[in-house]
Structure formats: structure tokens, C-alpha cells
Amino acid sequence: MKTSEQYKNLTISEFTKAADKYETDNAGIYEICREDYPYIAEELSKEEYTDLLDCGCGTGPMISLLYENDTTKNYTGLDITPKMIEVANSKNLKGVRFVVGDCENIPFEDNNFDVIICSNSFHHYPNPQSFFNSVNRVLRPGGRLILQDYTAPKAVLWLMNHTEMPLANLIGHGDVAAYSLEQVRGFCQNAGLLVEKLERGRKFRLHLVARKRGK
């Protein structure tokens, strides 16, 4: 079993190499992220918000799409890989912040965002409960987390976590684990987040909408 630091270093190494092609038609396995964007945009359209944080933002493709449609929001992207943030900042999106940081310890003040999105990044976090705790801290009361990642039936999940992901580590990927719906519900409950939607979709996709209590 790798340490948290080892997993995070693998992730940084992996996405440093991927940064320049991440949004191209040669992105390879990273192209799956694009399938999450319509779902996230649909969830975002259901409520007004002003301040949005994208955890594991990569080079900022989701923020770029949102910015094209509405430049009046305050968008912030957070990613652990400096090269990803360098590429994101090169877009020069006026008023948008892209910050290097750890999503398990979100480097912003309490009650700072109306909504947090996270697409295909969560399975890289070695301390998943820390992520949900941090999300709850920086969301405003009544704010939402919209998360997309991997999940699967129990037997498939076991194979993913005990075969596929260790093999991915061997070739330099920072994947840590995928989780069941029950585990994700537990992370939310332990953090104090209210689960509003939690389901398994096509292609082993996990859909989560959780809300901070209050307001």
C-alpha cells in the first residue's frame, strides 16, 4: 500500500505529462471527462450561484465552457499539478482564478463557495473523507457539491481496486480507489453533507449531488 504522499506524487507526475494534450483530440483516456460536462452543466442550471470552485480542475476545460456561457460568475479552479494550472492560466480568462492546491485540504476560507464541482478527480484522493470534510467547510450553508467519478457493482469494484488501479500505478498513474454508493453516502454523512442525488449511471459513472446544511 502506497502512502498518501506517494499517490499524490504519482498523480502530479501523470498529469504533468498529460497537461499539454489534456484538452486535445489526442487526450486518450482523459477524453472520458468530457462526458461528465453536460451532466454537471445541467445540475448547475437548476439553481442560481455566484462563486464556483472546480476541484481537480485540470487545465480548466469545465470552467472554460461555463465561462463561455456566463462571464459574470466567479470561477476558481484547484488542482494539485502545477503544470495543469500553468496551462489553465495561459487561457487568460478574465477574473478566473486557477490555483495549485490539495483538494483534501482546500486552501480557501470557510463558507466561501455556492457550489463545488468535481469531475473524474476524486478517485485520485488517498484520503476521501478529508475531501468531503473540506468541501463542507468551504461551502456556504445551502451550497452544493456536484461530483462525477467511478463506481460499480461490488464484484466489479473489487476488481477495479485490486487489479486495475494497482496496474495503473505501475505504469505511472495516480489512481487510488473507486467507491460504492454506500461508501460515498457515508463520506457525505460523516462530513455533515445532505445527499440529494446518488446514483450509478452508464459506463460505471457515479453521480452525486450533496448539499451543506443550513441557510
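**Thoughts on a nonpolar patch on the surface**
Stage number 1. A cluster of nonpolar side chains, contributed by Leu-167, Leu-170 and Ile-171, occupies part of the molecular surface with about 370 Å² of accessible area.
Stage number 2. By the element assignment, Leu-170 lies in helix H6 (residues 154–170).
Stage number 3. A residue is classified by how much of its surface remains accessible, and Leu-170, at 70% relative accessible area, is exposed.

**Here we look at the packing of helix H5 (residues 128–138) against helix H7 (residues 181–191)**
Stage number 1. For the pair H5 and H7, interaxial distance at closest approach is 9 Å and the crossing angle is 45°. Considering the angle they form, H5 stands oblique to H7. As H5 packs across H7, the resulting crossing turns out to be right-handed. For the pair H5 and H7, the contacting residues are Pro-128, Gln-129, Phe-132, Asn-133 and Asn-136 in the first and Val-184, Gly-186, Phe-187, Cys-188, Asn-190 and Ala-191 in the second.
Stage number 2. In terms of residue class, the contact of H5 with H7 is built from six nonpolar, five polar and no charged.

**Some remarks on the sheet that holds strand S4 (residues 113–119)**
Stage number 1. If you walk across this open sheet you meet the seven strands as S3-S2-S1-S4-S5-S7-S6, and the pairing is mixed. Looking along the sheet, the strands with just one partner apiece sit at the ends: strand S3 (97–100) and strand S6 (193–200). Ignoring strand direction, the axes of neighbouring strands in this sheet form an average angle of 15°.
Stage number 2. Summarising the sheet, strand S5 (residues 139–150) and strand S7 (residues 205–212) pair through seven bridges and their orientation is antiparallel. Among the inter-strand pairings, Arg-144 is bridged to a residue of S7, identified as Arg-211.

**Considering H5**
Stage number 1. Within H5, eight of the 11 residues are buried, which leaves it mostly tucked inside the rest of the structure.
Stage number 2. Every buried residue of H5 is listed here: Pro-128, Gln-129, Phe-131, Phe-132, Ser-134, Val-135, Asn-136 and Val-138.
Stage number 3. On its buried face, H5 is in contact with strand S1 (51–55), S4, S5, H7, S6 and S7.

**Comments concerning the packing of aromatic side chains**
Stage number 1. Taken as a whole and assessed by the stated rule, the structure comprises 11 aromatic pairs.
Stage number 2. Centroid distance Phe-122 to Tyr-125: 5.8 Å. Interplanar angle 85°. Geometry classified as edge-to-face. Accessibility classification places Phe-122 together with Tyr-125 in one group, the buried group.
Stage number 3. One aromatic cluster in this structure is built from Phe-122, Tyr-125, Phe-131, Phe-132, Tyr-179 and Phe-187.
Stage number 4. The side chain of Lys-73 reaches across the aromatic face of Tyr-49, ending 4.7 Å from its centre.

**Remarks on the side chain of Lys-212**
Stage number 1. Structurally, the position occupied by Lys-212 is in strand S7.
Stage number 2. In terms of polar contacts, Lys-212 uses its side chain to reach the side chain of Asn-111, at 2.8 Å.
Stage number 3. Setting aside residues up to four positions removed in sequence, Lys-212 forms contacts with Asn-111, Asn-136, Arg-137, Leu-139, Arg-140, Pro-141, Gly-142, Gly-143 and Leu-193.

Cut-off values and rules
Residues numbered from 1 in each chain as written. Predicted model: local features only at pLDDT ≥ 70, side-chain atom pairs only at ≥ 80, totals over all residues. Heavy atoms only, no water. Patch = residues over 30% accessible without salt bridge, like charges linked within 9 Å, V, L, I, M, F, W, Y side chains within 5 Å. Areas by Shrake-Rupley, 256 points an atom, 1.4 Å probe, with all protein chains shown as cover. Salt bridge = Lys/Arg side-chain N within 4 Å of Asp/Glu carboxyl O. Helix = DSSP H or I, 4+ residues; strand = E, 2+ residues; numbered from the N terminus. Buried < 20%, exposed > 50% of the residue type's maximum accessible area, 1.4 Å probe, protein only. Axes fitted to C-alpha atoms, helices over the stretch in contact; angles between N-to-C directions. Parallel < 35°, antiparallel > 145°, perpendicular 65-115°, else oblique. Left-handed = near helix turned anticlockwise from the far one by under 90°. Contact = heavy atoms within 4.5 Å. Nonpolar A, V, L, I, M, F, W, Y, C, P; charged D, E, K, R; others polar. Pairing = 2+ DSSP bridges. Phe/Tyr/Trp six-rings, centres within 6.5 Å; stacked < 30°, edge-to-face > 60°. Lys NZ or Arg CZ within 6 Å of the ring centre and 35° of its normal. Polar contact = N/O pair within 3.5 Å; in protein donor to acceptor, adjacent residues only side chain to side chain.

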